[in-house]
Structure formats: C-alpha cells, structure tokens
Amino acid sequence: MATPGGPRPGNFPPNYNPNSLANNMQNLQINQPNQQQQPSNVVGGSAPRPNTSPFGQQAPPFMGGQSRPPPPGVFPRGPTPTNAPPTQTTLPPNMVSQPPPFASRPPPQGALPASIGGPGGPPHPGTGPRPPPMGSYGPVVNGPPAFAPGMMTQSGPRFPPAMGGMPRPSVGPPQSPTMLSSGASSQPLQMRPSFGSPPAGAPPPSMGQPGPPFQAPQFSGPLQNGPPPPYGMQTWSSQPQQVVPPPPIPGHMQQQQMFGVTPPFPNQPMAFSQTGPLKIDTTQIPRLTSTSAVILHDTRQDNQANPPPPATSDYIVRDTGNCSPRYIRCTTHQIPCTGDILSASAVHMALLVQPLALPHPSEEPIQVVDFGESGPVRCSRCKGYINPFMKFIDQGRCFICNLCGYTDETPRDYHCNLGPDGRRRDADERPELCRGTVEFIASKEYMVRDPMPAVFFFLVDVSMYAIQTGATAAACSAISQVISDLPEGPRTMVGIATFDCTIHFYNLKRASQQPLMLIVPDVQDVYTPLQSDVIVQISECRQHLETLLESIPAMFQTNRTVDSAFGAAVKAAFLAMKNTGGKLLVFQSVLPSTGIGSLSAREAEGRSNSSAGEKEAHKLLQPVDKTLKTMAIELAEYQVCVDLFITSQTYVDIASLSVIPRTTGGQVYYYYPFSALSDSAKLSNDLRWNVTRPQGFEAVMRVRCSQGIQVHEYAGNFCKRIPTDVDLPAIDCDKTIMVTLKHDDKLQEGSECSFQCALLYTTVYGQRRIRISTLSLPCTNMPSNIFRSADIDTLFSCILKQAADEIPSAPLSQVRDRATNAVIDVLCSYRKSSATTQSMGQLILPESLKMLPLYLLALQKSNGLRSDGRIDDRSFWINYVSPLPAPFVIPFVYPRMIAIHDLDEKELDDSIIPTQIPLSSENISDEGIYLLENGYDCLIYVGNSVQNNALQQFFGISSVEEIPNQFVLQQYDNPLSKKLNAIVNEIRRQRCSYLRLKLCKKGDPSGMMFNSYMIEDKTAEGLSYVEFLVHIHRHIQSKMA
C-alpha cells in the first residue's frame, strides 16, 4: 500500500497526464501542400488516429527539490526586495531583466537539456531512513525550500555558474526620473531605454506573442527538429530556431551571472514635460517592446516570492513553493496591509485564476498525490488544504494553518519530525509540502455520485438557411473529423440530434441497420423519445454515426422550413443527458423563432430608435427574458455544459442566446458572416480544440484567503448557487475566472498573505481530482511597493472584464468614463505617493504601468465600446473577453501588425514573425502589404500600389482589383508564399486559434475595417495616442489641484 500522501504509484489510464496537452489542430496544415511523409490532415479528409491518448503521457516520478540547469539563452529571475527604493539601475539596452509585454517563441531547438521536464529518480518511498534535507542549516523557516547557490546537494549546482559566460549587470546608483520632451525645456531630455528595449535609433525588436498551448512530454534528450509542437503532434514544417543570448556588456559593467543576487526592479518613472504648447516627440512615448529570450522563473527564492514574468512573455516556471503564475496572477505582488492603503493607491486588488492552464512543455508535470480513504490533510476550521506554507510545530505533532491561523493536530499516519531548520524532514519528498500546485486523488467523501462519463452530444441546425449557406454541411464535416479525437474507452459516449421547427433524434444503437430518426414535433412541451440508445458508447456506434453525418446534409437538402426551435432543441437534448451530464455542442444558424425561448429581431428596433446609441446597452445587450436563463440554471444543476457555434449571416440575438453557455461554463463561437468556403476550416479546428483540450467535468471551485482578506466576487462563465463556490459543469485550459478581493481586517507588515484555489473536478477518464494552487505574497504598508509590484497584464485584464460586465447595464459613455477614471485614479495616486519630481508640467508614469494609457485607448476604440458596431458583434465581444486568459487580453485589444511585402529582404533571426509595427496609419505604405491579428481575426491589407509580382506570389492574383471577398490562403511554390504561410501557422499556434483570414484593400469596407484597428490615430471614435496622453495628464492635473 502506498504511503498516505505519497505520489500515487499507478492506476492511471493509458498515457494519462493531468496537465499535458491534447493532440489537436491537425488541420493547421490546410494551407500547405500535403507531404507524403506526413499523414494527411487536410479538411475534408480523415486524419489518422495518433497512437497517443489526447492527454499525453503519465507523469514522471516526483523529483523533490532536485535542481536543474536552465536552457541556454534562458534568463533566471531573482526576488525583488520588499522595501527597495523605486529606482532603476542603468543597464545596457539589450539586457533582459523584465521582459516587455510581448514575447513569442517556444523553447527553440537545443535550448532544453534533458534534465528539464525529464524523468528523475524514483520517488521517496516514505518508509525506512530518509535522506537528510537539502541545503545547509540556517534560520528556522517553515516555507518551501529556499534555493540558492551552494545549497543543492543532489544534482550538483543549481545552474551553471556563469551561464556560458553570460554577463550580469552591475548594480548602480539610483537614477533620476526620465522625461519625455514636450516643448521648450531648460535642458535636453531623453528617454532612458527600459529593460529589453533597443538602443536609441535602433529598430524595435521582433514583437512576439504569448505562448501557445503546450504539451508536457518527458524529454530524454535535447529537442530535435525545432520547437516542440503545441498540440502534441507537429503538423506543419518549421525551421530550426535558436535563442541567442544578449551580446556581452562592454567595459566595467561586465559581471558574472550570479543566482541568488537580487536584480534591480525596473520601476523607473517615465514623464514628459509640458512647458508651452503641447507638442510631444512621438518617438519617445511608451511603446511595446519584446525579446525572444525564454525566461526561467522560480516562483520563490530565498524564502521570498518572486514577481512573475509578464503574462505575454515566454517563460519556464520552476515551482519552488508558490504556484505558477499561469494558474494564479494577482494585480499586485505585494498586498497592502489595510483597506485604506489599497483605496489610496486606487489599484484594483483581484486574482485571475486559470486552474487548468497549459504548462510550458519543459515544466515538470503537476504531481498527483493519494492520501487514500482518509483524503488530503486539511485545516479543521477553514477547510484549507495542506500546502507549503502551513507551519509545523511541536516536533511535527501540530500544524498552524496559513489561511486562518488555527492550530490542528497532525494525523498520526502523516507525522514526521522536524529538522534543525524547522521544516519537516520529508518536506522535499512530499509534493504538497514543497510545490505550489498539486493534485489530490479525491476520496469518497468528495463524491455525491459516481464520476460522470465523458458525454458529447451534438445538436445541428438543419433549417433552410443553414442548409443553403452550407453551415449544416460544415458542422457535419467538423463533427465527423473530431469523432476519432474523442477520449478512448468505454466511458466516452456520444449522441446527435438535428432541428428546425421540430427536433429529430437518432437511434444509434441498431445492429446492422441505418440509424432510425425519431421526430419530436411539440416544441412547447418537449420530451425525449427514447430513454436509451440516443446516447451510446462511441465504440458501439462509430460507424453508424459517421454514416449519419455524411447523409444529414442530403436528407435535408430540400428543406423549406425557415423556423428554428433552438430553445426546445436544447431542452430536449438536456432531457436525454439529464442522467449523465456532459457537453452539449450546438450549431445554430438563424434567430430562434419558434418553441421555448423563441426570439424576435430586436436589432431592427434598435436601428429605428434615434437614441439607440445610448439605450441599446440597457435594451439590446440584455437577454430578452428569463426563459433561457432559467433553462441554463437547470442545465448547470445537472452538469450539462453548452458550447454554442453560431454560423450566421444575420442577426441572431447573441445577448439572449449566450446566457446558456455563460451559465453552464461553456463558450460562444461566432462566424459572421458565415462563409462555407473560408470558415469551414476554422469551424473544424475550433471544434477539435474544444473536445480535445485538457478539461474536466462537474467541477466546483473555491478560493480561500488569509485572515484579513476575503473574496468579494467571482466573475466568469459559471453558475453560482452559494456565495463561496462557483459551479462549473465543465472547466478547460482556456477558462479564466476573475476573483475580486477586499479587506476585512489589517494584515501584519512583513508577514505574507496566502491565496488558495481548490478545484474539485472529474477527468475525462472518470477520476475525481482536487487541484490545489497556493500563492503566498508579502504584505506592505508602503504605497510605492504596490506600484512597483503592479502586474499590468492582470490589472488591465480586470479593467477590461469589468467594463465588459458593465456594458449591458450602462450607456457606453459611462462605461468608457469609468474605465478612464480607474486608470487616472491609479496614475494620480502614484503621482501623489511615489513620484519623486513635483513639477505639475510633467506626466509621470510608473515603469510597471507605463503602457496603461495605450491599452486604455485601445479598449475605448474596441468593438465592445465603439458606438457604431453591430449589436451581435458587441454581445460576442462581451462573451469573448469574459473568460479570456491574461496572455491573450492585451493582444486582443491592441493587435499585432507586421509588414509582409518585404519578407524576402528581412533577416528574421530566431523568430518566424517579423517585428511588430505600431498601430498608426503613418506606418502604412500604399506600396505595402500588412498583416494584422488579434488572436481571433487576421486581416491582410493590400495597398493600391503593390507590385503585381508580389500579388501573384502571395495570393495568385495579378492586380488589386482581383482581391476576392472570400479568401482562403494557399501556399504557392515560391519563397514569399512559403514564408507567409509559415507566419500564419506560427500565429495560429501561438494563439491556440485558427484565426479568420480576410483580405482588405483601400477604399472598400474591408479597408475601413482594417483602418479601424489603427489605435494610435485620431478617429471619430477617439483621440490619437499623443492627444490621449495629454488628455490623461490634464485630468491628473485637475485631480491634483
């Protein structure tokens, strides 16, 4: 029998790993020619079933505190002193310390040694003599192990002493604030380059993007053939990549790379002066910068929490006590001791929780621990789970909860003596005592019923318009292609139904016969025609299901029914799934017009109303009634999650329809206007990722906090029946939940505040698990520390999600003003409490938040807050950003634009994607071709004077006039076309999205759509970037006065 609390030795399904990635997105090669040495993955064909299970490999044995060297080109991050002055030392402009908001590349070829993410020694058996604790004995601490040079005894030094001679910046004296010139000044002012920024006059570095969905394989040697594939299987060609370390630092600044030495924190305030007419040098205002270096991040070092890398950077996490920032991010990494300090700072205190986030492929898998029938050790008062910050006392016989402070007796079979350092002697061998994230096997007390099977029920619209637009055929083709990707085993069950003004079920369990159609004509009082044989094991009906999917478009080819009974169809499918729960995937093409929850075209009412611009937020962005909401709550109660694929060419009232996915933990996919030619591939890829990504069923999540802090509110896609918990019929790796916090007591200066997320869920293989993520952050009484440690990705994500939540209940002008005031309050508070210069003619921005005005401007010009958008577009925008993870938020509101007309002239170094260009029409040439993407749409803009030769090579057309309305990217046999296809595939991989491609040209609606993304230009929707900075400055001056 395994030791209670020890790593679980077996009982895994074949090839199971709780945090590795599905084989997915095989169709990303759709725009490349088939290669004989690779399996065919073209849409319309059938991809061979990969040999591996969709959820990767079994987790390797727990490796304890074993050390690992970083890959070449990876930059470790040290801790930040709690009370360091807000200054910035001088560094060469190419030295990476804190990467800027964008970075792109996965680990390049050869960058990951076998020791990273690879198998280690066997786990400690838990019996017999234990090895001595690692590290030299020092002060008594009870947190996770503090890793520092010279402390590692099991596998040599933690890192190579000098990282291959990589220099370390010297620590210089504090520097005076840097100013941006804006008119006459007594002395020339220059902007000092921030960490990772290029030297003056140099072109900006390549602007990459957040990491893709990753697999967590076991590495037995250096990576071969380029970076690891994001979906478990390489489906397109990629060239070898290398991460190049920065060049040596000249002269006296050279220093050996030392670990355990605290690097300077980049918090130098930025400012521009205002002395006379407002005229700002646009070359010196804050800009996005990037680095291609992979960052090595230890979550804790020297028993202190390390501030995480930017959410959009490419980083490798080593869990040394705190959970990975992929799972929990806080708006500030130092917690104010009192509510008054928090209010004075105006910084919103919240967590972004993404409990099933995808790990980097080189990170160690999350360890699975089995405590047997007794279940995991918990605090008897607050029910918090055992974690590295619970303090053991009285020779290990008792422990003090880090959340509520209560002292509990240690269970007899979990007792262990303490070492001279005050920690349990077995702490480094027990994942729950030295890792911030761990997964427990749930005992029977956590189950109200047997774990539910993995049920996938497909519901397809076959009304006349769905048939005529090709939406039905595209849906059936997509379903047919993902059948082979569903989890293997007897627990996987499927069902299918179609609907127009009636509902059609199909009996899939008929030996040697065609599936039998069973029609439900009553769409007001629906029922399920069969209690069994509608949902059956996939192994029993695979052939029948594939045959049925091929025949459905032909069966309804002559259908002349225009009505759609969406609500009734969902209700009927729910009745069939009621006993099991599962995922209901609905393909809807028209406005539901009959049966339960029927709707009317409210958009026409909004257009006819002269003041609709102000009133639509109150009328048209809210559900028309409570019918679908009541149905959604019932669905969630029985653990049915609904995902909605809208393949429409008209208004469908997303505001009403989306209530069901949002309440049941699902998602809305929107293809408008749907094109069978250009959208079928995206629909197929979206569906495949939906069913194969790491996910769980019948989940419940709760966040606990230390005394003095409490959860104020949860926000996201879920159902909440009690205040403390969120119910999630399904939870996947792409879903984020925002947790707002508030003070209910004072915290102690110098102490730490802990946050713990507990997610109870069922795996697709029917195992009940509890995933625990714990984050412990220092407390501070100094407002300057709050600004220094602010996380702009998380803070702006919260501002965005709050704005999206307010749009349906307030006029757009109010929502814009609230978002603007939130940013102004933060910058004004910084000016009052932390800025060193007192000149009112200077706009001073904290280094950590210097991009906040640009992101705010982008938010105000986004589809969600523009006053000229379609109602359905705004409703979809609200639903899209609600569960959006932090790495994708900033790219969504401030898209990436690159020039592709000169690809043959560019040396891309270690990045496939060229340098990002600021979103301004000044950077658009009439002779150029530009690609712009935001993670969902991808626009390719063609200038009117582009050379015909380039058009022929890229798109196979001879002039701008031949640009088609419906565009499918092809790969032609020339270098330019191959480079463009490589760029598009790389973006799709990074974004975990197939992207909708559209060709745009000047002078038509597509060109106007492209121009609407030029955030830094002055438009009818808002000011230019420079004018907006002046606007922000004036508001701050007014508040200061």
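Residues numbered from 1 in each chain as written. Predicted model: local features only at pLDDT ≥ 70, side-chain atom pairs only at ≥ 80, totals over all residues. Heavy atoms only, no water.

A. Just the overall build of the protein, in detail. Looking only at helices and strands, the protein features 22 helices and 35 strands. Relative to its full complement of 1041 residues, the protein shows a buried share of 62%. Within the protein, residue pairs in contact and separated by at least 24 positions form 79% of the contacts whose partners lie at least 6 positions apart. Of the roughly 36700 Å² of accessible surface on the protein, 51% is carried by carbon and sulfur atoms. (Helix = DSSP H or I, 4+ residues; strand = E, 2+ residues; numbered from the N terminus. Buried < 20%, exposed > 50% of the residue type's maximum accessible area, 1.4 Å probe, protein only. Contact = heavy atoms within 4.5 Å. Areas by Shrake-Rupley, 256 points an atom, 1.4 Å probe, with all protein chains shown as cover.)

B. Seen up close, the sheet that holds strand 13 (residues 391-393). Taken in spatial order, the three strands line up as 13-14-15 in an open sheet, and their pairing is antiparallel. Looking at the sheet topology across the chains shown, the edges are occupied by strand 13 and strand 15 (407-409). Pairs of neighbouring strands in the sheet enclose a mean axial angle of 30°, with direction left out of account. Of the strand pairs in this sheet, strand 13 and strand 14 (residues 398-400) are connected by three bridges, and their pairing is antiparallel. Following the sheet pairing, isoleucine 393 is matched in strand 14 by cysteine 398. (Pairing = 2+ DSSP bridges. Axes fitted to C-alpha atoms, helices over the stretch in contact; angles between N-to-C directions.)

C. Geometry of helix 22 (residues 1025-1040). Relative to the 22 Å expected for 16 residues at 1.5 Å per residue, helix 22 spans 23 Å between its end C-alpha atoms, a close match to the ideal helical length. Listing the buried residues of helix 22 in full gives Tyr1025, Phe1028, Leu1029, Val1030, Ile1032, His1033 and Ile1036. (Expected span 1.5 Å × (residues − 1).)

D. Geometry of unusual backbone geometry. For the bond from tyrosine 672 to proline 673, the omega torsion is -15°, close enough to zero to count as cis. Tracing the backbone shows proline 673 in the loop between strand 24 (668-671) and helix 12 (680-692). Despite not being glycine, aspartate 394 has its phi angle at roughly 55°, a positive value. By secondary structure assignment, the location of aspartate 394 is in the loop between strand 13 and strand 14. Classification of aspartate 394 as partly exposed rests on a relative accessible area of 44%.

E. Spotlight on the sheet that holds strand 34 (residues 937-942). Read across the open sheet, the four strands follow the order 32-33-34-35; overall the sheet is mixed. Where the open sheet ends on each side, the last strands, each with one partner, are strand 32 (896-899) and strand 35 (996-1001). Direction aside, the axes of adjacent strands within the sheet are offset by 20° on average. Two strands pair when backbone bridges link them, and strand 33 (residues 929-933) and strand 34 are joined in this way by five bridges, in the antiparallel orientation. Its bridge partner being in strand 34, glutamate 933 is matched across the sheet by cysteine 938. Most of the contacts of helix 19 (residues 948-955) go to strand 34, to which it runs at about 155°, and overall it touches strand 33, strand 34 and strand 35. Running over the sheet, helix 20 (residues 975-991) touches strand 32, strand 33 and strand 35 and is turned about 10° from strand 33.

F. View of the packing of helix 14 (residues 792-806) against helix 18 (residues 886-893). Packing of helix 14 against helix 18 brings their axes to within 9 Å, and their N-to-C directions diverge by 65°. Accordingly, the angle class assigned to the pair helix 14 and helix 18 is roughly perpendicular. As for how helix 14 packs across helix 18, the hand of that crossing is left-handed. Residues Asp793, Phe796, Ser797 and Leu800 of helix 14 form the contact with helix 18, whose participating residues are Ala886, Val889, Ile890 and Val893. (Parallel < 35°, antiparallel > 145°, perpendicular 65-115°, else oblique. Left-handed = near helix turned anticlockwise from the far one by under 90°.)

G. Spotlight on the side chain of threonine 692. Its location among the elements puts threonine 692 in helix 12. Polar side-chain contacts of threonine 692 include one of 2.6 Å to the backbone oxygen of arginine 688. (Polar contact = N/O pair within 3.5 Å; in protein donor to acceptor, adjacent residues only side chain to side chain.)

H. Looking closely at the pairing of strand 32. What you see with strand 32 is no split at all: Arg896 and Ile898 on one side and Met897 and Ala899 on the other are buried throughout. Pairing of strand 32 with strand 33 involves four bridges; the strand directions are antiparallel. Bridging from a neighbouring strand, alanine 899 pairs with tyrosine 930 of strand 33.

I. Representation of the environment of serine 1024 in the model. Secondary-structure assignment places serine 1024 in the loop between helix 21 (1005-1011) and helix 22. The spacing of serine 1024 and leucine 857 is 167 residues in sequence and 8.5 Å in space, taken between C-alpha atoms. Not counting residues up to four positions away in its chain, the partners in contact with serine 1024 are Leu857, Glu1016, Asp1017 and Lys1018.

J. Representation of the nonpolar core. Judged by nonpolar contacts, the single largest core of 118 residues is most densely connected at Phe505, Leu584 and Phe1010. Not counting residues up to four positions away in its chain, the partners in contact with phenylalanine 1010 are Met897, Ile924, Tyr930, Leu932, Leu939, Tyr941 and Cys1000. Of all hydrophobic cores here, the second largest spans 42 residues; its members include Ala475, Leu585, Ala730 and Val764. (Core = buried A, V, L, I, M, F, W, Y, C linked by side-chain atoms within 4.5 Å.)

K. Spotlight on helix 12. Taking 1.5 Å of rise per residue, the 13 residues of helix 12 would be expected to cover 18 Å, and the 18 Å separating its terminal C-alpha atoms lies within 8% of that figure. Taken across its 13 residues, helix 12 has 13 buried, putting it largely inside the fold.

L. How the structure looks around the pattern of salt bridges. Within this structure, the stated rule accounts for 35 salt bridges. Notably, a salt bridge pairs aspartate 426 with arginine 430, separated by 2.6 Å at the nearest N-O pair. Assigned by exposure class, aspartate 426 and arginine 430 land together as buried. The salt bridge partner of lysine 850 is glutamate 847, with a shortest N-O separation of 3.2 Å. Take lysine 850 and glutamate 847: they sit in the same class, and that class is buried. Beyond isolated ion pairs, a larger network of salt bridges with shared partners links Arg424, Asp426, Arg430 and Glu432. (Salt bridge = Lys/Arg side-chain N within 4 Å of Asp/Glu carboxyl O.)

M. Structural detail: the environment of isoleucine 709. Structurally, isoleucine 709 is set in strand 26 (residues 709-715). By relative accessible area, which is 4% here, isoleucine 709 ends up buried. Sequence-wise, isoleucine 709 and aspartate 744 are 35 residues apart; in three dimensions their C-alpha atoms are separated by 5.7 Å. Contact partners of isoleucine 709, with chain neighbours within four places excluded, come to Ile335, Met349, Leu741, Lys742, His743, Asp744, Leu747, Cys753 and Phe755.

N. Focus on the packing of aromatic side chains. Counted according to the given criterion, the structure contains 20 aromatic pairs. When the ring of tyrosine 880 is compared with that of phenylalanine 892, the centres are 4.7 Å apart and the planes differ by 40°; the resulting orientation is tilted. With a gap of 12 residues between them, tyrosine 880 in helix 17 (residues 871-881) and phenylalanine 892 in helix 18 connect regions that are remote in the sequence. Take tyrosine 880 and phenylalanine 892: they sit in the same class, and that class is buried. Among the aromatic residues, ring-to-ring pairing joins Tyr670, Tyr672, Phe876, Tyr880, Phe892 and Tyr936 into one connected group. In this structure, arginine 326 is placed above the aromatic ring of tyrosine 315, and the distance from its NZ or CZ to the ring centre is 4.2 Å. One Lys or Arg, lysine 682, reaches over the ring of tyrosine 936 and ends 4.8 Å from the middle of that ring. (Phe/Tyr/Trp six-rings, centres within 6.5 Å; stacked < 30°, edge-to-face > 60°. Lys NZ or Arg CZ within 6 Å of the ring centre and 35° of its normal.)

O. Here's a closer look at the confidence of the model for the protein. Per-residue pLDDT for the protein averages 78, and the proportion of residues at 70 or more is 70%. Within the model, the stretch residues 80-267 combines pLDDT values under 50 with 529 contacts to residues more than four positions away or in other chains. (pLDDT = per-residue confidence, 0-100.)

P. Here's a closer look at the environment of leucine 741. Within the secondary structure, leucine 741 sits in strand 28 (residues 737-743). Of the residues examined, leucine 741 reaches a relative accessible area of 8% and is grouped as buried. Through-space distance from the C-alpha of leucine 741 to that of alanine 350 is 5.4 Å; in sequence the pair is 391 residues apart.

Q. Up close: the pairing of strand 8 (residues 315-318). Of the two faces of strand 8, the one holding Tyr315 and Val317 and the one holding Ile316 and Arg318 are both buried throughout. Sheet topology note: the strand 5 (residues 295-298)/strand 8 ladder contains four bridges and is parallel. Pairing of histidine 297 across the sheet is with valine 317, part of strand 8.

R. How the structure looks around the packing of helix 14 against helix 17. Running from N to C, helix 14 and helix 17 cross one another at 140°; their axes reach a closest spacing of 9 Å. Our classification of the angle between helix 14 and helix 17 gives oblique. In the packing of helix 14 onto helix 17, the handedness of the crossing is left-handed. Where helix 14 abuts helix 17, its residues Leu800, Lys801 and Ala804 lie against Trp877, Ile878 and Val881.

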